[in-house]
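Architecture at a glance
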Amino acid sequence: MKKYRNPANIHPPVAAYTHQIEITGSERWLALSGQVGRRVDGTVPEDPVEQLDLALENIIRNLQAANMEVSDLVKLTFYLVGDMDAMRRQEVIAAGLKGHRPCMTLIYVASLAAPFYKVEVDAWASRAD
């Protein structure tokens, strides 16, 4: 069972996320390797926002392969290289998560595994059996 909390003794979330999610009982966990903005055919768009959209799609495909849904996500960590329009970034994340608000961290880094990658997203999910 998941309990989503934004404690009253700290500031409200500054974006569409939840401060904490407590998981109790019998849960099945799924850890994903960092997902990048790479299409099935191996191509990578130059636009970092398009890469973000593809990375989220790849997370959703991984969830589907494990018989899970977006609502099973409990933690996302976004690694971004360079500048990205914050409004577009928030719109893509909101559309990809369909209103779900897992715990999130956003980190700007100098580089990722290859110079053409501008986005990588790490994800954790859990689902009651």
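To be clear, the structure that these remarks concern was listed above.
This write-up is about the structure you can find in this document. (Residues numbered from 1 in each chain as written. Predicted model: local features only at pLDDT ≥ 70, side-chain atom pairs only at ≥ 80, totals over all residues. Heavy atoms only, no water.)

Some thoughts on helix H1 (residues 48-65)
Its 18 residues place the ends of H1 26 Å apart at the C-alpha level, agreeing with the 26 Å of an ideal helix rising 1.5 Å per residue. When H1 is considered as a whole, its buried residues turn out to be Pro 48, Val 49, Gln 51, Leu 52, Leu 54, Ala 55, Leu 56, Asn 58, Ile 59, Ile 60 and Leu 63. (Helix = DSSP H or I, 4+ residues; strand = E, 2+ residues; numbered from the N terminus. Expected span 1.5 Å × (residues − 1). Buried < 20%, exposed > 50% of the residue type's maximum accessible area, 1.4 Å probe, protein only.)

Quick look at the sheet that holds strand S3 (residues 27-36)
One open sheet holds the four strands; their spatial order is S3-S6-S4-S5, and the pairing between them is mixed. What marks the edges here is a single partner per strand, and that holds for S3 and strand S5 (103-109). The average undirected angle you get between the axes of adjacent strands in this sheet is 10°. The pairing of strand S4 (residues 73-81) with S5 spans seven bridges and is parallel. Looking at S5, one finds that Val 81 is bridged to Val 109. Strands S3, S4 and strand S6 (119-128) of the sheet are contacted by H1, whose axis makes an angle of about 150° with S3. (Pairing = 2+ DSSP bridges. Axes fitted to C-alpha atoms, helices over the stretch in contact; angles between N-to-C directions. Contact = heavy atoms within 4.5 Å.)

Regarding the side chain of His 100
Mapped onto the elements of the fold, His 100 is located in the loop between helix H2 (86-97) and S5. Within polar-contact distance, the side chain of His 100 engages the backbone oxygen of Leu 73 at 2.7 Å. Setting aside its immediate chain neighbours within four residues, His 100 contacts Tyr 4, Val 70, Ser 71 and Leu 73. (Polar contact = N/O pair within 3.5 Å; in protein donor to acceptor, adjacent residues only side chain to side chain.)

Topic: the packing of aromatic side chains
Evaluated as defined, the whole model comprises two aromatic pairs. Residues Trp 29 and Trp 124 carry aromatic rings whose centres are separated by 6.0 Å and whose planes lie at 75° to one another, so their mutual orientation is edge-to-face. With Trp 29 in strand S3 and Trp 124 in strand S6, this residue pair connects regions lying 95 residues apart in the sequence. Overall, the relative accessible area of 46% leaves Trp 29 in the partly exposed class. (Phe/Tyr/Trp six-rings, centres within 6.5 Å; stacked < 30°, edge-to-face > 60°.)

Details of the pattern of salt bridges
In the structure shown here, the tally under the stated rule is seven salt bridges. In this structure, Asp 47 engages Arg 88 in a salt bridge whose closest nitrogen and oxygen atoms are separated by 3.0 Å. On the criterion of sequence distance, the pair formed by Asp 47 in the loop between S3 and H1 and Arg 88 in helix H2 is long-range, its members being 41 residues apart. With a relative accessible area of 37%, Arg 88 lands in the partly exposed category. (Salt bridge = Lys/Arg side-chain N within 4 Å of Asp/Glu carboxyl O.)

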